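Descriptive analysis of the structure
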Amino acid sequence: MAYAQGLSSSCLFLSHKVPPQGFQQSLGLSLPFTNSRINSSLQTRIFVEMREDSAPMTSDHSKKMKIPHVLTVAGSDSGAGAGIQADIKACAARGVYCSTAITAVTAQNTIGVQGVSVVPEDFVAEQLKSVLSDMQVDVVKTGMLPSIGIVNVLSQGLREFPVRALVVDPVMVSTSGDVLAGPSILAGFREQLLPIADIVTPNLKEASALLGGQQLETVADMCSAAKLLHDMGPRNVLVKGGDLPDSLDAVDIFFDGKDFHELRSLRIKTRNTHGTGCSLASCIAAELAKGSSMLPAVKVAKHYIETALDYSKDIAIGNGPQGPFDHLLRLKSYVQNSCRQVGFNPNDLYLYAVTDSRMNKKWGRSITDAVKAAIDGGATIIQLREKDAETQDFLEAAKACLKICHSHGVPLLINDRVDVALACGADGVHVGQSDMPAHVARTLLGPDKIIGVSCKTPEQAHQAWIDGADYIGCGGVYPTNTKENNLTVGLDGLKTVCVASKLPVVAIGGIGASNASSVMEIGVPNLKGVAVVSALFDRECILTETRKLHAILTESMSMQRTY
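For every chain, the first residue of its written sequence is number 1, and the numbers climb from 1 along that sequence. pLDDT decides what is reported in this predicted model: residues at 70 or higher carry local features, side-chain atom pairs at 80 or more are listed and counted, and totals for whole chains, interfaces and linings draw on all residues regardless. Note that the side-chain values use all heavy atoms of the structure and ignore hydrogens as well as water.

The helix and strand tally for the protein chain stands at 20 helices and 18 strands. Here's how the labels work: a residue is buried when its accessible area is under 20% of the maximum for its type, exposed when over 50%, partly exposed in between, all with a 1.4 Å probe on protein chains only. Relative to its full complement of 563 residues, the protein chain shows a buried share of 54%. Residue contacts follow a heavy-atom distance rule, with two residues in contact if any of their heavy atoms lie within 4.5 Å. Once local pairs closer than 6 in sequence are excluded, the contacts in the protein chain between residues at least 24 apart make up 69%. The way it works is that DSSP assigns letters per residue, a run of H or I at least four long becomes a helix, a run of E at least two long becomes a strand, and they are numbered from the N terminus.

Spelled out as structure tokens, the structure:
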């Protein structure tokens with residue numbers, strides 16, 4: 001259930017056709033993503049029409065949305081790095097629903113497999129029937145099939161409940177060398193599953209076992225193995241070369257019955273490779289369930305695995321030689337956030353510092369120096385607004401600023417750019433009325449991120465609340481030179497919006513040391529602070545100006561409490 005793919009951290013694959021090694025005649029055409037009866041486009045059209053005709057109806061007769069669905073038939077990994085746990089996480093990461101039929105329960109961890117308990121065949125059959133008869137499965141993906149009886153049960157189940165595609169990951173031996181399925185099922189794979197498979201995804205050891213012990217030591221050997229496996233019936237073959245001896249690259253060979261495609265990339269140096277084989281096959285299944293043809297599905301899956309491995313290369317779970325990786329690319333963000341309270345605290349709006357790339361350039365300072373000075377001076381939240389920066393430069397700067405912010409327990413937001421916020425792991429975004437709607441940003445960022453919305457009217461403030469924002473920024477209160485043609489609302493407009501808003505409010509626009517007290521003294525409880533740009537960053541010393549403004553706010557709030 002675990003395979004070391006040795007995939008790279010690069011974003012590009014070298015995919016090219018490789019001439020068959022030693023084959024002088026045509027190898028025939030095998031259309032990707034088909035079963036034995038109908039071709040891809042016709043099958044897809046018929047499937048969609050059948051699904052639309054048979055989709056359950058709601059009480060008002062509107063049709064429900066069909067969600068791509070993969071059923072994994074595999075073993076359970078108690079360490080959750082491989083098996084059905086990896087399958088579920090991989091499908092979730094690709095936006096596909098994943099159901100399960102469990103064939104075995106293993107006791108395993110990062111050290112190895114300590115025990116295997118096979119699920120009775122009749123109960124595997126019951127699981128298959130329960131799911132396939134009810135839940136409109138698109139693709140079945142197999143993993144650990146520990147007995148010939150279970151192979152028979154699966155074959156019978158697929159005859160009774162046909163699906164669009166079958167992905168066979170012939171799990172027999174883990175990367176750590178633990179035997180998870182005996183040789184008695186080899187005949188079952190060859191005779192029952194491979195002839196009906198849309199793709200089979202063996203690693204070198206599994207390909208060798210299926211071919212009777214043939215040694216695979218070169219790319220040419222892998223091509224030969226792919227051809228021989230294809231002769232057994234599957235429409236497509238992917239021979240994974242993560243364990244290829246003396247190879248600096250990770251080389252996988254894809255064969256569709258006509259052409260060989262060599263998928264080559266540099267290796268990622270990491271111990272966290274447990275479950276890569278299961279996850280790769282599950283990702284292929286997920287892409288097929290979404291309607292992809294076969295080779296693009298394989299490329300997306302390979303790219304997904306390398307991205308996850310690269311992200312996870314330095315995480316530490318378990319003490320053994322092979323750790324799991326993070327399918328959802330989220331674990332490190334929680335570690336990075338551990339030094340501050342995760343989630344939104346309205347008091348963080350107290351002194352809201354908004355950076356400006358033009359001002360930093362004017363004063364000859366880096367964005368990281370500007371952010372550190374503002375935090376040292378008492379800024380309680382940082383927003384990066386870098387209108388002139390290139391995306392790559394902005395992303396690298398955001399990552400550096402995030403480290404500074406989190407080392408001081410200060411949240412970091414990104415102005416407008418949800419993509420940058422996702423890529424750097426920022427605490428949230430602030431969007432304007434002409435930017436991405438808050439409800440879309442919430443869908444992309446998830447429930448635990450902070451979302452702020454610029455508002456000038458009670459109606460906009462109400463919509464921000466409906467869309468799931470955490471706070472609103474109201475202004476400009478006073479005229480400002482940071483935004484052209486920016487209409488001001490004044491103190492009266494600010495108070496009107498605050499009274500109408502169900503969310504905390506931060507005032508913005510032309511606010512500085514001379515007028516911050518007037519803003520905070522409008523006497524509305526949900527006005528939590530002021531957001532400033534020029535008053536901090538268009539000054540010679542950010543630290544001094546931030547301390548001065550913080551002191552003014554503190555005195556103003558103290559006076560209000562006194563009265």
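In terms of nonpolar packing, the biggest core is built from 76 residues, with Ile382, Leu384, Ile414 and Leu494 touching the most fellow members. Here this core gets eight residues from one element, more than from any other, and that element is helix α13 (residues 391-407). If we ignore the near neighbours within four places in the chain, the residues touching Ile414 are Gln383, Leu384, Phe394, Ala398, Val420, Ala421, Cys424, Ala426, Gly428, Val429 and His430. One finds Val153, Ile185, Ala225 and Leu244 within the second-largest nonpolar core, a separate group that totals 46 residues. Here the nonpolar core consists of buried residues drawn from Ala, Val, Leu, Ile, Met, Phe, Trp, Tyr and Cys, with membership extended through side-chain atoms lying within 4.5 Å.

Sheets are built from strands paired through backbone hydrogen bonds, the pairs being either parallel or antiparallel. Pairing is parallel in the closed barrel, where eight strands are placed in the order β11-β12-β13-β14-β15-β16-β17-β18. Between one strand axis and the next, the sheet turns through 25° on average, direction left out of account. In this sheet, strand β12 (residues 381-384) lies alongside strand β11 (residues 351-354) in parallel orientation, the contact comprising three bridges. Bridge pairing in β12 links Val354 to Gln383. Each of β12 and β13 (412-415) touches α13; the most contacted strand, β13, lies at about 155° to it. Contacts from helix α16 (residues 458-466) reach β15 (450-455) and β16 (471-475) within the one sheet, and its direction differs from that of β15 by about 165°. Between any two strands, at least two bridges found by DSSP are needed for them to pair. Between N-to-C directions, angles span 0 to 180 degrees; the directions come from axes that are lines fitted to C-alpha atoms, helices contributing only their stretch in contact.

A few words now on the packing of aromatic side chains. Two aromatic rings from Phe, Tyr or Trp, using only the six-membered ring of Trp, form a pair when their centres are within 6.5 Å; if the ring planes differ by under 30 degrees the pair is stacked, by over 60 it is edge-to-face, and anything between is tilted. Evaluated as defined, the whole model comprises three aromatic pairs. Here the aromatic rings of Phe255 and Phe260 are separated by 4.2 Å at their centres, their planes lie at 15°, and the arrangement is stacked. A relative accessible area of 0% means that Phe255 is categorised as buried. Grouped by ring-pair contacts, the aromatic residues Phe344, Tyr352 and Tyr471 constitute a single cluster. Between the NZ or CZ atom of Lys502 and the centre of the ring of Trp465, over which it lies, the distance is 3.8 Å. Counting as a charge over the ring demands two things of the Lys NZ or Arg CZ atom: a distance within 6 Å of the ring centre and an angle within 35 degrees of the ring normal.

Right, let's get into the pairing of strand β3 (residues 97-108). Each regular strand displays side chains that alternate between the two surfaces of the sheet. Sheet topology note: the strand β2 (residues 69-77)/β3 ladder contains nine bridges and is parallel. Considered in β3, the bridge of Thr72 is made with Thr100. In this view, the connection linking β2 to its parallel neighbour β3 by way of helix α2 (residues 83-93) has right-handed handedness. Linking β3 back to strand β4 (residues 113-118) in an antiparallel pair, the connection comprises four residues. A crossover counts as right-handed when, viewed with the strands pointing away from the observer, the path leading from the first strand over the helix to the second turns clockwise.

Let's shift gears to the side chain of Thr355. With respect to the element layout, Thr355 can be found in the loop between β11 and α11 (357-362). Residue Thr355 is classed as buried on the basis of its relative accessible area, which comes to 0%. Pairs of N or O atoms within 3.5 Å make up the polar contacts considered here, provided that, within protein, one atom can donate a hydrogen while the other can accept it, and that residues adjacent in sequence are counted only when both atoms are side-chain atoms. Within polar-contact distance, the side chain of Thr355 engages the side chain of Glu386 at 3.0 Å. Those residues in contact with Thr355 that lie beyond four places of it in its chain are Ile367, Val371, Ile382, Gln383, Leu384, Arg385, Glu386 and Phe537.

A cis geometry characterises the amide bond from Gly475 onward to Gly476, with omega recorded as 0°. For Gly476, the position within the fold is in the loop between β16 and α17 (490-500). Even without a glycine there, the phi angle at Ala80 is positive, about 65°. With respect to the secondary-structure elements, Ala80 resides in the loop between β2 and α2. We classify Ala80 as partly exposed; its relative accessible area is 25%. If you check the backbone angles, Leu329 has positive phi at about 55° while not being a glycine. Within the element layout of this structure, Leu329 appears in the loop between α9 (294-312) and α10 (331-336).

Before going further, it helps to examine the pairing of strand β8 (residues 237-241). A large share of β8 lies buried, amounting to five of its five residues. Of the pairings in the sheet, the one linking β8 to strand β9 (residues 249-255) comprises five bridges and is antiparallel in character. Looking across to β9, one finds that Val237 is bridged to Phe255.

Here helix α5 (residues 186-193) has its buried residues at Leu186, Gly188, Phe189 and Leu193. Buried residues in α5, looked at end-on, bunch into an arc of 165°, giving them a common side. Elements in contact with the buried residues of α5: α4 (148-160), β6 (165-171) and α6 (204-210). Along the arc lie the directions from the helix axis toward the C-beta atoms.

This brings us to α13. The end-to-end C-alpha separation of α13 is 24 Å, in line with the 24 Å expected for 17 residues at 1.5 Å each. Of the residues trailing α13, Gly409 is marked for its positive phi of about 70°. Expected span, for any helix, means 1.5 Å times one less than how many residues it has.

Here the focus is the packing of helix α12 (residues 367-377) against α13. In helix packing, the relevant descriptors are the interaxial angle and the interaxial distance, both defined with respect to the helix axes. Taken N-terminus to C-terminus, the directions of α12 and α13 make an angle of 20°; their axes are 9 Å apart at the nearest point. By the criterion of interaxial angle, the relationship of α12 to α13 is roughly parallel. In this structure, α12 crosses over α13, and the sense of that crossing is right-handed. Seen from α12, the contacting residues are Ile367, Thr368, Val371, Lys372 and Ile375; seen from α13, they are Ala397, Ala400, Cys401, Ile404 and Cys405. Note on residue categories: nonpolar means Ala, Val, Leu, Ile, Met, Phe, Trp, Tyr, Cys or Pro, charged means Asp, Glu, Lys or Arg, and polar means any other residue, Gly included. For the contact of α12 with α13, the residue count by class is eight nonpolar, one polar and one charged. Any angle from 65 to 115 degrees is called roughly perpendicular, while one under 35 is roughly parallel, one over 145 is roughly antiparallel, and all others are oblique. Here is the rule for handedness: rotate from the far helix to the near one, and if that takes an anticlockwise turn smaller than a right angle the crossing is left-handed, while a clockwise turn gives right-handed.

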